[in-house]
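# Tertiary structure, described
The chain contents come next:
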Amino acid sequence: MSNLETSVSYGWIILQGASATLQLTILSLITALVMAFIAGVSLTSENVFVRGLARTYVEVFRGTSAFVQLFVAFYVLPLVGIELSPIMAGVLALGLNGGSYAAEVVRSAIEAIGKDQRETTIALNLTKAQAMLWVILPQGIALMLPSFGNLAIEILKGTALVSLIAVPELTTQAQMVRSQTGETAYPFILLLITYLVIASLIMFLVRRLERHYRNRLSTAS
């Protein structure tokens, strides 16, 4: 087999890890956004207990390492009867960790909505839940999107941690090629390029969403 064929063969092995990386990124991002909205809205609650629970979640997951959280999800939870596959352990750790940071983004965006908007919802006789769902959050999302784009990139980069529990994602595959060939430059340069392509695609989609929401809000106003 020629050097070119060998390079293509090993390159394909690395790129096969892209599907696991994308799966981890998408599922972790969905988990993070769900937790961010739940915790972010709860942080603005008038209920002290609800606000305290949300604050505890945010501080625990922001104040501890994603590395440790991953190992707890994969190695400690089975001790209490919760068995997770390596991918689901990765999704849980990355999602909860990312959600704790994004919760503050949601809280800040909600609090940034003007007092006049809140008074309008009262004048329209909307409940607090209706005001949040129909008025405040739709406007807040436009403010949240840039930070959510950064969150998606951070989660993408964080998927490399899951190589520690043998998920065949990009970093795992690159390390396997390195161990088989003894080469370092080729697999890791290809790894870098692949991460960059995925990150660029994510930011392209985020910018499209930003324009969509800006146009939608300007039309509504």
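Under the annotation held in an unreviewed UniProt entry, the chain carries the name Ectoine/hydroxyectoine ABC transporter permease subunit EhuC and is attributed to Pseudomonas fluorescens. Looking at the Sequence similarities (unreviewed entry) heading of the UniProt record, one finds this comment for the chain: "Belongs to the binding-protein-dependent transport system permease family. HisMQ subfamily."

### Digging into helix H6 (residues 128-158)
Its 31 residues place the ends of H6 only 36 Å apart at the C-alpha level, less than the 45 Å of an ideal helix rising 1.5 Å per residue. The largest bend in H6 comes to about 45 degrees, at Met144, with the proline Pro146 one to four residues further on.

### Some details on the packing of helix H3 (residues 66-76) against helix H4 (residues 86-112)
Contact geometry for H3 and H4: axes closest at 9 Å, N-to-C directions at 140 degrees. Compared by their axis directions, H3 and H4 come out oblique. As H3 runs across H4, the sense of the crossing is right-handed. Contacts from Ala66, Gln69, Leu70, Ala73 and Phe74 of H3 reach H4 at Pro86, Ala89, Gly90, Leu92, Ala93 and Asn97.

### A closer look at a nonpolar patch on the surface
A grouping of Phe67, Val68, Val72, Tyr75, Val76, Leu79, Val80, Ile82 and Leu164 is seen on the molecular surface, where their side chains present a nonpolar patch of about 830 Å² in accessible area. Within the secondary structure, Phe67 sits in helix H3. Accessibility expressed as a relative area gives 39% for Phe67, which makes it partly exposed.

### Describing the pattern of salt bridges
The final tally for this structure, using the stated rule, is 6 salt bridges. Arg55 is paired through a salt bridge with Glu104; the nearest N and O atoms lie 2.6 Å apart. With Arg55 in helix H2 (residues 48-62) and Glu104 in helix H4, this pair connects stretches of sequence that are 49 residues apart. Since its relative accessible area comes to 29%, Arg55 is described here as partly exposed. On the basis of relative accessibility, which here comes to 14%, the residue Glu104 falls in the buried class. Put simply, Glu104 and Arg62 hold a salt bridge, and the shortest N to O gap is 3.6 Å. Residue Glu104 is located in helix H4, and its partner Arg62 is located in helix H2; the two are separated by 42 residues in the primary sequence. One network of salt bridges, in which partners are shared, links Arg55, Glu59, Arg62, Glu104, Arg107 and Glu111.

Parameters at a glance
- Residues numbered from 1 in each chain as written.
- Predicted model: local features only at pLDDT ≥ 70, side-chain atom pairs only at ≥ 80, totals over all residues.
- Heavy atoms only, no water.
- UniProt positions renumbered as here; feature names shortened; annotations may be inferred.
- Helix = DSSP H or I, 4+ residues; strand = E, 2+ residues; numbered from the N terminus.
- Expected span 1.5 Å × (residues − 1).
- Bend = angle between axes of the 7 residues up to and from the residue.
- Axes fitted to C-alpha atoms, helices over the stretch in contact; angles between N-to-C directions.
- Parallel < 35°, antiparallel > 145°, perpendicular 65-115°, else oblique.
- Left-handed = near helix turned anticlockwise from the far one by under 90°.
- Contact = heavy atoms within 4.5 Å.
- Patch = residues over 30% accessible without salt bridge, like charges linked within 9 Å, V, L, I, M, F, W, Y side chains within 5 Å.
- Areas by Shrake-Rupley, 256 points an atom, 1.4 Å probe, with all protein chains shown as cover.
- Salt bridge = Lys/Arg side-chain N within 4 Å of Asp/Glu carboxyl O.
- Buried < 20%, exposed > 50% of the residue type's maximum accessible area, 1.4 Å probe, protein only.

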